[in-house]
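Residue-level listing of the chains:
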Amino acid sequence: MSRFSQSIAMLIAACAGALALAAPTRAAAPSIVVVFIDDMGWSDLSCFGGPPGATPNIDRLADEGLRFTQFYVNSPICSPSRVALSTGQYPQRWRITSYLARRELNAERGLANWLDPSAPMVARNLQAKGYATGHFGKWHMGGQRDVGEAPLITEYGFDASLTNFEGLGPRVLALCHEPGKKNPKRWTLGSDKLGRGEITWVDRSRVTEAFTGAALDFAKQAHADGKPFFINVWPDDVHTPLYPPLDRWAEPTRAKYEAVLTTMDEQLAPLFDWLRDDEELRQNTLVVFCSDNGPQPSVGSSDPLRGGKAMLFEGGVRSPLIVWGPGLLANGVAGTRNESSVLSSIDLAVSVVSVAGAKSLADADGEDLSATLLGREQASRSKPLFFSRPPDRKEFVGVKNLPDLAVREGPWKLLCDFDGSRQQLYDLSADAAESNNLAESNREVADALTQKVLSWHTLAQPAAP
């Protein structure tokens, strides 16, 4: 047995005792798996218009499940997007409006160093319901760079965790091999100096495999113990820098990106196959699959949407969403696309808790759209969706003077600056590419939405620490 396998086995053994104390009979509540990809574009998956054959295992989820084409994350950058999915609240409430970094840079941007553990958490509510809860993958809500005193992931309602350099507790750190170079780079951003958890070194191209393997072992143990499980599987693929297996190394960057994407798809497959092949799990498991924000421009793709990561245009905040659950979805929806329902991560958080039958998230900004999620309705959220740009991203990858705020309500999308100037108004039902600014010809709509987003921004300002 390899040192890595031994480490994972020890992790599973550590939580097995706690799981065995729970209900001795199989629970009726469905198991839930949340797969949250890092920096993947809206049109990167083959089943969303990407390169044919690039993601066959994820495509199979879509073929057996339900695709949503108007799903939004609540920030165009990773840390706040993860806060929204975890809490059901806008991340502005918790002073996490950009990626968490070293403490000096966090302070300069007005950010907290970690998510306050008093925040409502999907995991904590499901843990209280009797679920075995595990987080496997990128965290990035505290415990990064020089921030070594952040709460452990298990303090947020998880029984077990395995993460990377963006969190604390047991973690895998990457050895980055390149063709023709004997010694790999060590990709740590200081995590190897923080302690507070065993570190296992893994080839960068196999990090997703490590997360999937740990998640699968944890889920199998919970299933054997008669418990439903809630697991986050949050790879740090397909975030740059890109390190596919050496036998798949390719240039230019887009080809390398596709190699990483295809490898990630293969490494997620064992978990998907296990859920599908066990009839009991197939009938009582929900898998939700999406990305944390749009792609790094010129790397991933969000065609035909405008913009990408760090931007409030559709390509930055609209994500592919796949929902799989053969025994839970409404009859006849497998393999179909929901083109009309507008929902977001905060709604997904609230809906997952509802599907589990757990206590509702406190003071949620999201709405319960579980019937939509399961294909029984096509309702959208009733309230507008609001967005603010990361404070350090007025300019990004050569795109200057980016809008500060955005709001989506019905077919309308408005973008403007903090003072309400530079209005851009788009009818997304006819112009998903945001190419035809209708602000002047629809002055009443533009002004009304501007007032709504400015009022939200004022109320959403986080309290001083």
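Scroll up a little and you will see the structure.
Moving on, we get to the packing of aromatic side chains. Using the criterion set out here, one finds twelve aromatic pairs in the structure. Taking the centre distance of 6.0 Å and the plane angle of 90° together, the rings of F165 and W187 count as edge-to-face. Taken as a pair, F165 in the loop between β4 (160–162) and β5 (171–176) and W187 in strand β6 (residues 185–187) lie far apart in primary sequence, 22 residues in all. What makes W187 partly exposed here is its relative accessible area of 31%. Lying across the ring of W201, R186 places its NZ or CZ 4.1 Å from the centre.

Turning our eyes to something else, we now look at helix α6 (residues 207–224). Each full turn of the α-helix corresponds to 3.6 residues, which orients residues three or four apart in the same direction. The terminal C-alpha atoms of α6 lie 26 Å apart, and with 18 residues this matches the ideal 26 Å at 1.5 Å per residue to within 8%. Along α6, the positions that sit buried rather than exposed are V207, T208, A210, F211, T212, A214, A215, L216, F218, A219, A222 and H223.

Turning our eyes to something else, we now look at the sheet that holds β5. Sheet architecture is open: three strands sit in the order β6-β5-β7, paired in mixed fashion. Each edge of the open sheet carries a strand with a single partner, namely β6 and β7 (199–203). The sheet shows a mean angle of 35° between the axes of neighbouring strands, taken without regard to direction. As paired strands, β5 and β7 are joined by five bridges and run parallel to one another. Looking at the pairing, A174 lines up with V202 of β7. Strands in contact with α6 are β5 and β7; relative to β5, the strand with the most contacts, it is inclined by about 160°.

Reading the values: rules and limits
Residues numbered from 1 in each chain as written. Predicted model: local features only at pLDDT ≥ 70, side-chain atom pairs only at ≥ 80, totals over all residues. Heavy atoms only, no water. Phe/Tyr/Trp six-rings, centres within 6.5 Å; stacked < 30°, edge-to-face > 60°. Helix = DSSP H or I, 4+ residues; strand = E, 2+ residues; numbered from the N terminus. Buried < 20%, exposed > 50% of the residue type's maximum accessible area, 1.4 Å probe, protein only. Lys NZ or Arg CZ within 6 Å of the ring centre and 35° of its normal. Expected span 1.5 Å × (residues − 1). Pairing = 2+ DSSP bridges. Axes fitted to C-alpha atoms, helices over the stretch in contact; angles between N-to-C directions. Contact = heavy atoms within 4.5 Å.

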